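# Reading the structure
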Amino acid sequence: MSDDAREAFVASFEVAAPDGPAWLQALRKEAISAFAAEGFPTPRSEAWRYTNLAPIARTAWTTAPATAVALDRAAIERLSFPVFACSVFVFVNGRFEPALSTPRALAGGLEVGSLAAASIERPALVEPYLGRLARSEGAPVAALNTALFADGAFVHLPANTVVDAPIHIVHLALPGGGPTASHPRTLVVAEHGSRATVIEDFVSLGEARMLTNSVTEVFLGDAASIEHVSLQREGADAAHLAALRVRQSRDSRYTGHGISLGGTLTRNEIVAVLDGIGAECELNGFYVASGKEHVDNHTTIDHASPHGTSRETYKGVLDGEARGVFSGRVIVRPDAQKTSAQQTNKNLLLSRDAEVDSRPQLEILADDVKCSHGSTIGQLDEDALFYLRSRGIESVAAQALLMRAFATEITGRISIAPLRERIDELLLARLARARAEAA
Amino acid sequence: MSLLEIEDLHARAGGSEILKGLSLGVRPGEVHAVMGPNGSGKSTLANVLAGRPSVEVTSGKVLFGGRNLVEMAPEERAREGIFLAFQYPVEIPGVTNLYFLKAALNAIRKHRGEAELDAMDFLKLAREKMKLVEMDEKMMGRAVNEGFSGGEKKRNEVLQMAILEPRLAVLDETDSGLDIDALKIVSKGVNSLRSPERSMIVITHYQRLLDYIVPDFVHVLAGGRIVRSGGKELASELEEQGYAWIEKGAAPR
Amino acid sequence: MTPGESLEHLANREYKWGFVTDIETDSVPAGLSEDVIRLISSKKQEPEWLLEWRLKAYRRWLEMPEPEWSSVRFPPIDYQAIVYYSAPKQKKKLESLDEVDPKLLETYEKLGIPLGEQKRLAGVAVDAVFDSVSVATTFREELSKKGILFCSFSEAVREHPELVREYLGSVVPYSDNKHAALNSAVFTDGSFVYVPKGVRCPMELSTYFRINAANTGQFERTLIIADEGSYVSYLEGCTAPQRDENQLHAAVVELVALERAEIKYSTVQNWYPGDAEGRGGIYNFVTKRGKCAGRASKISWTQVETGSAITWKYPSCILLGDDSIGEFYSVALTANRQQADTGTKMIHIGKNTRSTIVSKGISTGHGQNAYRGQVRVQKGADGARNYSQCDSLLIGDRCGAHTFPYLEVRNPTATVEHEATTSKIGEDQLFYCQQRGISAEDAVSMIVNGFCKQVLKELPMEFAVEAQKLLGVSLEGSVG
C-alpha cells in the first residue's frame, strides 16, 4: 500500500509537533512512533477485513489550519439544536473557539472547555485519564490522533454533579487548500454519582476532501451516568475515523447513541469496558449510507466484572452502491459471572449494488451468563408494504413509513425529547435523500 | 408415628449458621405452616429437607419414615417421596417439560418397584393432572420453565407435585410473586392433593396463602428455631401483629 | 456425590478406542520433501499427472503461512517429524475380504465395525481405512450392479482416472489453505464414490478411519460425485490409539452434486482427544467442501465432533446451481483441554438458493469451543435465504464458548438471519432435576441430549445411536 499519508503525517509531526506539558509530549512521541511503525491498517488484519483505508493511506493530507476562517455565530446557530437551551461548545478543526461558544450557566462544578488549557492548568484532572483508554499500541489510527491533536474538548463532572441540559460539543471541520485532516479529541471524566448528557456533533462546512480522525475517551466513576450522542453529519466528501473508548466503574450506566448520516468512509470503533460490579452499558447505533459510501461500526463490549448488563442494537439502511459493516464483539471474562448481554444488528438492503457484512461475536469465558445475539439482513417487509398500499397509501410513502419505523426504534431511545425529535428529522431527511438518489 | 422428625437441627449456608436447634414433627396427612420474617431460616429448612448441596447440616437429627435423611442423596429423597416446590423454579433449556416429568416419574416408579409408564400412558396422566392447575397443554412441549411467567412456573411446580405424588410436599414460598387469581388456582391444586397419606410443609411469609391452604398447625420460625407453635389462628394473629414482636424478643399478649 | 463434584468429573471421560494393533507396516521415513512425495506416488503406481499435481501442491504449501485467524492454540508443528506413509504389510494383492489380515479384521470388529461377510452391518457398505491405506470395502458387488462406484481412492485413480482427473481439486483447490495443500501433496488414500444418473443409493456408504502407527499423520482424501437426479448418504467415523504425542490428521473431502442430486454427509468424529492434562491427541485439520453444481441440488453436512485435541474444520457448501440447498448441522463437544474451532461456509451464488445452519457447542472442563461460520450472498443470488442458529452450553466454570459469524450480503433480495445463545448447566439445574428424582448423571445427559436433538435427528439411524452413545460416553463417569 502506498503510504503517502504516513510520510506526510510523520513529517508534519517532526516539523511542528503540537506542544503541551512534558507528560503529554512523551505520550505524543510514543504515539507517533507507534503510528510510524504500523501505518494505516490493511484488510489483511482481521479487524479491518471489510474496510480498506488505501484511499486514505495514499493521500498526502495537510493538517487543518489553526485559525478559524471568518465564521459568524449565525452559521453555528444553524448547526445547533435551537429547540432547547443547551450549552454549545464549538471546536474548529479540533481547537476550542470560545468566541463561537455559548456556555450557559454551568451546574455545580461542571467544567467544559479546552483540553490543551486543562492539560496545562489542571494536569491532575487530565494526566491520569488522557490516552489511558485510547492506547497507541496496536491502534495506529488512534495513535495518530494522540500524536497530532492540537486541542480538544474536556468535560469534567465532579462527584454528584447532575446536569440536566445537554452539553453540546460541535466539532466543526473547515477545509484548507488541499485534502485536509483534523484530529478532534474529547475527554469526559464523570466522577462518582454524576450525571449528564453529552452530544458530540461532527459537522463540516464546505465541500472539500476532508479526513476527521477523532478520539473520545469517557470515564465513568461509581454510579455515574452518561448519555452520549455521537452524531456524524459531515460533507459528502468527508471521511471519518472515530475511536470511542469507555470505562465504567461499579453501578455506572453508559448509554451511547451513534448516528452516522454518511460520508465517503466512516469507521466507528467503540470499546466499552465494564470494569465494576453491576455496570450497565447500552450501545445504540443507526447508519445510513448511499451512493458509494462505506460505513463500518466496529464495537467491543468487554464484561470484566460480575452482574454487568449490556444491550447493543445497531441498525442500518444501505442504498445505492453503499457498503455497511457491523462487527460487534461481546466478551465475558472469566470473573464476569451473572452477566447478561444482548446484541442485535439489523440491516435493510435497498439496492442491488449495496452490500452488508455483519459479524456479531460472542466470546464467553464465564459460565453463569445469559447472552444472545442476532443479526438480520433483508428488505422492507413485503407484506407490510402491501398492507399499507391496500389501505390507499402510495408505495413511496409506505416505504418511508416503514423505514421511519425501522429507524425510530433506535432514536426512540434518546431520552431528551427535543433532541430525539431533531435527530429524527435529520435521519428522515437523510433517508429521503438516499431514496431520491436511488430513484 | 411421625413421617418427618426433626430434632435440634443446626445447619449452615453461605458461611454462617442459619438453623440453630430447630425441632419439628409431622405426622401423615398433616399440613404444617412455617412462617417467619426474612432471614429466619425458612428456605434453609426447605433446602435441608431436599438436600441442597450448599446447605450443610452440622448437628441434629432428621428422620423421614424412620430413615436418616441427612445421608441420602437429593434424588434418593425425591424417590422416597420428598417433593420441594421451589421458590425460584429453575429453567432448563432444551429439555421439554413432558420429557422431564416422564423421566422423573419413571425414576420414582422404578424405585418403588412399579412399571415405567410409556409415552402414551404418561401423556394421559399428565393431561388429567394439568386440569387441576388449569394449565395449557402446549406448556408440556416447552422447555422446563423457560420463558414461563412467574405464575406459570408456580403452577408447573404444583403440576409436578400432582404427577409425582410425594409423601411429603414442601412448598417454599409458593405464593410469592402470584396475583390473587393465580394464588387461587395454585391453592386449589394443592388442596386437591391433600390426603391422609400425604403431609405438607407450607412455608410462607404472608398469612394470605393460609386463607386458601388451611393448615393444621402453624409454626413461627425466628433466629433459626421455632419460637411459637399453634393452630391456624396463630396465622391471623401474626397478620395483625406483624413479626416485630419476634424481633423485639417479646411475645404478643 | 454433589452436583458440583459431578460437574468436575464430567470432563474426565475415558477413551475406549485407545488400543494399538500390533501389525507389521510398510512406512516411508519421517519427513517431507519432493523425494518423499515421489516415493509415495510410486508406491501407489500413480500416473504422471497426479504426481505433477502433488508436486505443485507441495511447492505451494512451502510458501503458504499457517492459518492464524482461528482461535485454536498449539505449538508449531514439526512437519519433518511426521511419517507421511504407513501401510499394513500385505503379502499379495487381495482378491476377497477373506484374505485381509485377521489382525485388521479383529481391529475393526473391536471398534464395532465387523467387515467379514457374515457379521458385516446390514444396510451399510464400509470402506475401512487403516493409517494410510484402504484395507477393505464391503458390499461392492451389490453396489456395482446399480452402477455405483464405491472404492478406495487409489483404486479410483487406477480404474476411473477420467472421473478423478475431472473432479480432483475442483471443489477444494490445492491452494485453498495450508492444510489442504499438504493433503494434496501427500494424501495416501481415502474413499471414492460415484453415483450414476437417477440412481438412489440403496444403502448407507461409510468409511471408517483408523490411525494406528505412531508419529504418523493421516492424510486421506474423499471424493463423492452424485450425478443428475441421484441420491447418496455417506457416513464417516474415526478413532485412534491413545498416545502422548500429538498426531496430525489433515484430510480433504470434496463433494459434487449435479442437477437435482442430493448428498448427505455425516461424520461422527472420535479421534483420540488427549488426556486430562492435554497431553497427546489428534490435530484434526480438515477441509470439507461441497459444490451444489447443478440446479436444485442439495448437500447436507451433519457432524458430531467429540474427539481430537484440536478440531479445525468448516464443512461448506458452494450453492452454484439455482434453487440449490446447503445444510450444516453440528454438535461439537470439548472437554478437558480440547479446543474446537468449527463451523461452515455457505456461499450463495445461484438464485433462490437456501441454507440452514444449526450449530451446538458444548464445553466442559477447560474445553474451548468456537463457532465460526460465513454466510455469503453473491450479487446474482436473488431470493437467497439463510437461517443460522448457534447455541452454546457451558458445563462448569473454566470452559469457554465463542461465536464468530460472518454474514456478507451483496444482494438486496436476500434474507439472512442469525441467532445465537449461550446458557449453562449449573448446580441449580442439577439440583432441580435431582429433587425430582433424576440422578445428576441422567440429568446431564438429558440436558445434553435435549440440547443436541435438533442435530442428532439429522443423522442416519445407525449413526444417531452411535452418536448418542458417544455423547453419553463422553459424559459417562460423571458420577460414581
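Residues numbered from 1 in each chain as written. Chains lettered and ligands numbered in written order. Predicted model: local features only at pLDDT ≥ 70, side-chain atom pairs only at ≥ 80, totals over all residues. Heavy atoms only, no water.

### Focus on the overall build of chain B
Of the regular secondary structure elements, chain B holds 9 helices and 12 strands. In terms of overall size, chain B behaves like a compact globule, its C-alpha atoms giving a radius of gyration of 18 Å where 253 residues would be expected to give roughly 18 Å. When the backbone C-alpha atoms are referred to their principal axes, chain B occupies close to 55 × 40 × 35 Å. Counting across all 253 residues of chain B, residues that qualify as buried make up 53%. The contacts of chain B with a sequence gap of at least 6 include a subset with a gap of at least 24, amounting to 69%. In the form shown here, chain B has an accessible surface area of approximately 10,900 Å², with 48% of it arising from carbon and sulfur atoms. Distance from the positive charge centre (33 side chains) to the negative charge centre (36 side chains) of chain B: 1 Å. (Helix = DSSP H or I, 4+ residues; strand = E, 2+ residues; numbered from the N terminus. Rg over C-alpha atoms; globule rule 2.2 N^0.38 Å. Buried < 20%, exposed > 50% of the residue type's maximum accessible area, 1.4 Å probe, protein only. Contact = heavy atoms within 4.5 Å. Areas by Shrake-Rupley, 256 points an atom, 1.4 Å probe, with all protein chains shown as cover. Lys, Arg positive; Asp, Glu negative; His and termini not counted. Charge placed at Lys NZ, Arg CZ, Asp CG, Glu CD.)

### Describing the overall build of chain A
When helices and strands are counted, chain A shows 10 helices and 21 strands. Against the 2.2 N^0.38 benchmark of 22 Å for 439 residues, chain A shows a C-alpha radius of gyration of 21 Å, consistent with a compact globule. Projected onto its principal axes, the C-alpha coordinates of chain A cover approximately 70 × 55 × 45 Å. Put simply, chain A has 439 residues, and 60% of those count as buried.

### Topic: the interface of chain C and chain A
The interface of chain C with chain A comprises 34 residues on the first partner and 36 residues on the second. For the pair chain C and chain A, the summed buried surface comes to about 2,800 Å²; carbon and sulfur atoms form 46% of the total. The largest contributions to the chain C side of the interface with chain A come from Tyr406, Arg410 and Pro412 of chain C, which together make up 21% of the buried area. Run the count over chain C and chain A and you get 4 salt bridges. Residue Arg49 of chain A is joined to Glu408 of chain C by a salt bridge in which the shortest nitrogen-to-oxygen separation is 3.8 Å. Taken together, the links from chain C to chain A amount to 16 residue pairs in polar contact (both at pLDDT 80 or more). In terms of residue class, the side of chain C that touches chain A is made up of 13 nonpolar, 13 polar and 8 charged. Pairing of strand β21 (residues 370–378) of chain A with strand β23 (residues 415–425) of chain C, which is carried by 7 bridges, proceeds in the antiparallel orientation. Bridged to Ser375 of chain A within β23 of chain C is His418 of chain C. (Buried area = accessible area lost by both parts, 1.4 Å probe. Salt bridge = Lys/Arg side-chain N within 4 Å of Asp/Glu carboxyl O. Polar contact = N/O pair within 3.5 Å; in protein donor to acceptor, adjacent residues only side chain to side chain. Nonpolar A, V, L, I, M, F, W, Y, C, P; charged D, E, K, R; others polar. Pairing = 2+ DSSP bridges.)

### Description of the nonpolar core
Considering soluble globular proteins, one finds that nonpolar side chains tend to be buried as a cluster. In this structure, Leu4, Ile6, Leu49, Phe100 and Ile201 of chain B together with Ile362 of chain C are the most contacted members of the largest nonpolar core, which totals 126 residues. It is helix α10 (residues 440–456) of chain C that provides the largest number of residues to this core, a total of 9 residues. Among residues more than four places away in sequence, those in contact with Ile6 of chain B are Leu22, Ser23, Leu24, Leu45, Leu49, Lys61 and Val62 of chain B. Val112, Cys281 and Ala366 of chain A together with Ala401 of chain C belong to the second largest nonpolar core, which has 92 residues in total. (Core = buried A, V, L, I, M, F, W, Y, C linked by side-chain atoms within 4.5 Å.)

### Some details on the packing of helix α9 (residues 395–411) of chain A against helix α10 (residues 417–438) of chain A
Residue and element names in this part refer to chain A. Look at α9 against α10: their axes get within 10 Å of each other, and the N-to-C directions meet at 140 degrees. As judged from the angle between their axes, α9 and α10 are oblique. α10 is crossed by α9, and the crossing has right-handed handedness. Residue-level contacts link Gln399, Met403, Arg404, Ala407, Thr408 and Thr411 of α9 to Arg420, Ile423, Asp424, Leu427, Leu428, Leu431 and Arg435 of α10. In terms of residue class, the contact of α9 with α10 is made up of 6 nonpolar, 3 polar and 4 charged. (Axes fitted to C-alpha atoms, helices over the stretch in contact; angles between N-to-C directions. Parallel < 35°, antiparallel > 145°, perpendicular 65-115°, else oblique. Left-handed = near helix turned anticlockwise from the far one by under 90°.)

### A look at the sheet that holds strand β4 (residues 55–64) of chain B
An order of β2-β1-β4-β5 (chain B) is seen for the 4 strands of this open sheet, with the pairing classed as antiparallel. Two strands close off the open sheet at either side, each with one partner strand: β2 (16–26) and β5 (67–68) of chain B.

### A closer look at the side chain of Arg289 of chain C
Residues and elements named next belong to chain C. Inspection of the secondary structure assignment puts Arg289 in strand β13 (residues 281–292). Judged by relative accessible area, Arg289 falls into the buried class, the value being 10%. Among the polar contacts listed, one links the side chain of Arg289 to the side chain of Asp176, at a separation of 2.8 Å. Filtering out sequence-adjacent residues up to four positions away, Arg289 remains in contact with Val171, Val172, Pro173, Asp176, Val253, Glu254, Leu255, Trp301, Ser316 and Ile318.

### Some thoughts on the sheet that holds strand β12 (residues 225–230) of chain B
Adjacent strands of a sheet pair through backbone hydrogen bonds, lying either parallel or antiparallel. All names here are of chain B. Ordered in space as β6-β9-β10-β3-β11-β12, the 6 strands form an open sheet in which the pairing is mixed. Unpaired on one side and paired on the other, β6 (82–85) and β12 mark the two borders of the sheet. For this sheet the average axis-to-axis angle between neighbouring strands, irrespective of direction, equals 20 degrees. In terms of strand pairing, β6 meets strand β9 (residues 168–172) through 4 bridges, oriented parallel. Its bridge partner being in β9, Ala85 is matched across the sheet by Leu171. Here helix α5 (residues 150–164) sits on the sheet in contact with β6, β9 and β10 (199–204), set at roughly 170 degrees to β6.

### Describing the confidence of the model for chain B
Of all residues in chain B, 97% attain a pLDDT of 70 or more, and the chain-wide mean is 89. Listed scores for the predicted complex are pTM 0.79 and ipTM 0.87. (pLDDT = per-residue confidence, 0-100.)

### With respect to the packing of aromatic side chains
If you walk through the whole model with that rule in mind, you get 22 aromatic pairs over all chains. Summarising the aromatic geometry, the rings of Phe286 of chain A and Phe406 of chain A are spaced 6.1 Å apart at their centres and angled 70 degrees between planes, so their arrangement reads as edge-to-face. Here Phe406 of chain A lies in helix α9 and Phe286 of chain A lies in strand β15 (residues 280–289), a separation of 120 residues in the sequence. Using a relative accessible area of 0% as the deciding quantity, one classes Phe286 of chain A as buried. Residue Phe406 of chain A is classed as buried on the basis of its relative accessible area of 12%. Measuring from ring centre to ring centre gives 5.0 Å for Tyr265 of chain C and Trp301 of chain C, while their planes differ by 55 degrees; the resulting arrangement is tilted. Taken together, the residues span a long stretch of sequence, with Tyr265 of chain C in strand β12 (residues 262–269) and Trp301 of chain C in strand β14 (residues 298–305) at a distance of 36 residues. As far as burial versus exposure is concerned, Tyr265 of chain C and Trp301 of chain C are alike and both buried. Ring pairing ties together the aromatic residues Phe74, Tyr283, Phe285, Trp312 and Tyr314 of chain C, which thus form one cluster. Directly above the ring of Trp61 of chain C sits Lys178 of chain C, whose terminal nitrogen or CZ lies 4.4 Å from the centroid. The ring of Phe187 of chain C is capped by Arg221 of chain C, whose NZ or CZ atom sits 5.6 Å from the centre of that ring. (Phe/Tyr/Trp six-rings, centres within 6.5 Å; stacked < 30°, edge-to-face > 60°. Lys NZ or Arg CZ within 6 Å of the ring centre and 35° of its normal.)

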